[in-house]
Amino acid sequence: MSYKIVLPIFEGPFDLLFHLIDKNEVDIYDIPIAKITEQYLEYIQSMQQLDLDVASEFLVMAANLLSIKAKMLLPKPPKEENPEEDELGLDPRDELVERLLEYRKFKMVAEHLKDKEQVQGRIYTRPNDEEMYMHLFNEENPLEGVSIFDLLDALKDVLNRVDEEVPTAREIPREEVSIRDKMREVLRRMVFHTNGLAFRELFVKSVTRVEVVVTFLAVLELIKLRKIQIHQSRLFGEIMIYNRREEMAQ
Amino acid sequence: MAVLFPEETKGVIECVLFIANEPVSLQTICDIAEIEKEDALELLRELQEEYRQRRRGLQIIEIAKGFQLCTKPEFASYIERYYKPQTSAGLSKAALETLAIVAYKQPITRGEIELIRGVKVDKAIATLLEKDLIKEAGRKDGPGRPVLFGTTQDFLRYFGLKDLKDLPDPEEFIVQNTLEDEELRQMTSE
Amino acid sequence: MAVLFPEETKGVIECVLFIANEPVSLQTICDIAEIEKEDALELLRELQEEYRQRRRGLQIIEIAKGFQLCTKPEFASYIERYYKPQTSAGLSKAALETLAIVAYKQPITRGEIELIRGVKVDKAIATLLEKDLIKEAGRKDGPGRPVLFGTTQDFLRYFGLKDLKDLPDPEEFIVQNTLEDEELRQMTSE
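A brief look at the structure comes next. (Residues numbered from 1 in each chain as written. Chains lettered and ligands numbered in written order. Predicted model: local features only at pLDDT ≥ 70, side-chain atom pairs only at ≥ 80, totals over all residues. Heavy atoms only, no water.)

Description of the interface of chain B and chain A
Logical step 1: Contact with chain B, which involves 54 residues of that partner, is made by 37 residues of chain A.
Logical step 2: The interface formed by chain B and chain A holds three salt bridges in total.
Logical step 3: A salt bridge links Arg117 of chain B to Glu11 of chain A, with the shortest nitrogen-to-oxygen separation between them at 3.2 Å.
Logical step 4: Linking chain B with chain A are 15 residue pairs in polar contact (both at pLDDT 80 or more), by the criterion used here.
Logical step 5: Only helix 1 (6–19), strand 1 (58–63), strand 2 (66–71), helix 4 (76–82), helix 5 (93–105), helix 6 (110–117), helix 8 (153–159) and helix 9 (170–189) of chain B provide two or more residues apiece to the side of chain B that touches chain A.
Logical step 6: Ranked by residue count, the leading element in the side of chain B that touches chain A is helix 5 of chain B, at eight residues.
Logical step 7: In terms of residue class, the side of chain B that touches chain A is built from 32 nonpolar, eleven polar and eleven charged. (Contact = heavy atoms within 4.5 Å. Salt bridge = Lys/Arg side-chain N within 4 Å of Asp/Glu carboxyl O. Polar contact = N/O pair within 3.5 Å; in protein donor to acceptor, adjacent residues only side chain to side chain. Helix = DSSP H or I, 4+ residues; strand = E, 2+ residues; numbered from the N terminus. Nonpolar A, V, L, I, M, F, W, Y, C, P; charged D, E, K, R; others polar.)

Right under this line is the structure:
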């Protein structure tokens, strides 16, 4: 064929019928069956002329239309007492109209979905690297739930046992900084650091090693007493001390 | 409002929505923020409103039975300059019609869908299954025990629907559409 | 400010930072929003300030390679709740003690560890090796050239330590701890 005809593609016989109903601007409840049937057959014919595969459904519908058309031509049976029932109940087009209406519902929903699809296609969500988070939080961490303090405790336990076995006399000077004082100091400092205080900052002022240790123990104690909490936002990151949530907004 | 620290809790909710890769259910939000459902809902609404009033690029939408932080559609072209998503042409008319039928009539068999559409739906069903928009949902009693189909969570997400109830009532839909058609016809004929 | 629509442009910048999973360079932001560098910087500062004032879960940080929208550190534990299922591997007390000794005394031989712990440590060593917390770190000169053990990079990572110098000083800790035990007991019983 030397010329090209653009033939609309229809999803099926119902789709084609709707196209014809729309084109002719006719009432779906009162389809001029002869006219529509004629146009329907014309379309199928042009499809065949173009060597297009006419799906069997289209042919079944054609037969159906012709049968309705034939029934419409038959003389109507005599009217009974209820004329309304007559018209509605015995119209040969009824079944077709019902099926068309049912199909139309979903055809419209499909158009609605098409719109939704287009809008949603323009909305982007964050492509979070789930693997990264999983790895961060979820990898086989054999130290799950173990803090560095637990590690120290473990060391302490061992060495204590060693001490017991090999008692060594050692004079321990009375410490002038108590843990209790340090705890108060840490809490006081937290008042001025509502957005968190770097763990390291606590030790800047400490002059003696003993004071460092006392401060360290004070922090541990405050954690235990649930006065403060510790966060580390990322590996190797700064360890931050925060007031516990319960205290935060007060 | 029984939440002690609503402002901080909104921060928690925002964080979770930000780092999640999918819509976050109300239940998950409650579990993480340790709050009650009604409080979570109230805070979410407030956060949603905050985002609305900020007039920036992001929004919180309710989708697929959860909440999601995402960009606004009007910024799509800028985002696509940075981040080229796999272009998808969208679903075919046949697939959309089939999906519409499954959505409203689920669980439904292939035969029942074909009855409504008046055509074979094998290809559409295969496409929809492949895209995880529908799934097999058991088998129907009766001869041949045909497979029943239903929609998936991805279906809701793909179309930005909260849940199945978010779909329009087709009856009302038609009345409205017919009215609009009528108006259109009048307008164009004027 | 030469930007015609600063408010909308801030929305564009926000979208780009949101969608990027990495810091976005100033140049990229300029290219996408089609603005000059100084304007981009000004808008970024404003957006950053907006986020600061919102007091929610997110922030815009400037790091070496550019700008990044991310969660605030204090919300980390909630993110962890979202991504981490409830599992606990845990180490036995024996393994933990052995690990502590290796951490502080490395490089150390099996025999030296056993001397300190007073018991055999074969099983603990095997566990720690298997979990990649310790590794062989050469051999000691001397009879039998015994294997030396040291901690691994993973060990540092799990504890969030930069290097071994980050470990608290055990000497002081131990001395002090014994001393203060009594006081601690008093405080907690108060």
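Some points on the nonpolar core
Logical step 1: Counting residues in hydrophobic clusters, the biggest one holds 61 residues, and the most contacted among them are Leu17, Ile29 and Leu69 of chain B together with Leu17, Ile29, Leu69 and Tyr82 of chain C.
Logical step 2: Filtering out sequence-adjacent residues up to four positions away, Leu17 of chain B remains in contact with Val24, Ile29, Leu44, Ile60, Phe67, Gln68 and Leu69 of chain B.
Logical step 3: Membership of the second largest hydrophobic core comes to 48 residues, among which are Leu197, Ala218 and Ile241 of chain A together with Leu156 of chain C. (Core = buried A, V, L, I, M, F, W, Y, C linked by side-chain atoms within 4.5 Å. Buried < 20%, exposed > 50% of the residue type's maximum accessible area, 1.4 Å probe, protein only.)

Considering the sheet that holds strand 3 (residues 108–109) of chain B
Residues and elements named next belong to chain B.
Logical step 1: Spatial strand order, 3-5-4: three strands in an open sheet with antiparallel pairing. Only two strands of the sheet have a single partner each, and these edge strands are strand 3 and strand 4 (134–139).
Logical step 2: In terms of strand pairing, strand 4 meets strand 5 (residues 147–151) through four bridges, oriented antiparallel. From the neighbouring strand, Glu136 faces strand 5, where its bridge partner is Phe149. (Pairing = 2+ DSSP bridges.)

Digging into the packing of aromatic side chains
Logical step 1: The full count for this structure, using the stated rule, is ten aromatic pairs over all chains.
Logical step 2: Taking 6.3 Å as the distance between ring centres and 45° as the angle between the ring planes, the aromatic pair formed by Phe75 of chain C and Tyr78 of chain C counts as tilted.
Logical step 3: Of the residues examined, Phe75 of chain C reaches a relative accessible area of 5% and is grouped as buried.
Logical step 4: In this structure Tyr78 of chain C comes out as buried when scored by relative accessible area, which is 5%.
Logical step 5: Connected via pairs of aromatic rings, a cluster forms that spans Phe14, Phe18 and Tyr103 of chain A.
Logical step 6: For Arg54 of chain B, the ring lying beneath its charged end belongs to Tyr51 of chain C, and the centroid distance is 5.1 Å. (Phe/Tyr/Trp six-rings, centres within 6.5 Å; stacked < 30°, edge-to-face > 60°. Lys NZ or Arg CZ within 6 Å of the ring centre and 35° of its normal.)

Comments concerning the packing of helix 5 of chain B against helix 6 of chain B
Residue and element names in this part refer to chain B.
Logical step 1: Two elements in contact, helix 5 and helix 6, have axes separated by 10 Å at closest approach and are oriented at 120°. The handedness of the crossing between helix 5 and helix 6 is right-handed. Judged by residue contacts, Ala94, Glu97, Thr98, Ile101, Val102 and Lys105 of helix 5 engage Ile113, Ile116 and Arg117 from helix 6.
Logical step 2: Within the contact of helix 5 with helix 6, the residues separate by chemical class into five nonpolar, one polar and three charged. (Axes fitted to C-alpha atoms, helices over the stretch in contact; angles between N-to-C directions. Left-handed = near helix turned anticlockwise from the far one by under 90°.)

A closer look at helix 2 (residues 26–33) of chain B
Along an α-helix, a turn takes 3.6 residues, which lines up residues three or four apart on a common side.
Logical step 1: Every buried residue belonging to helix 2 of chain B is among Leu26, Ile29, Cys30, Ile32 and Ala33 of chain B, and all of these are buried.
Logical step 2: At the exit of helix 2 of chain B stands Glu34 of chain B, carrying a positive phi of roughly 55°.

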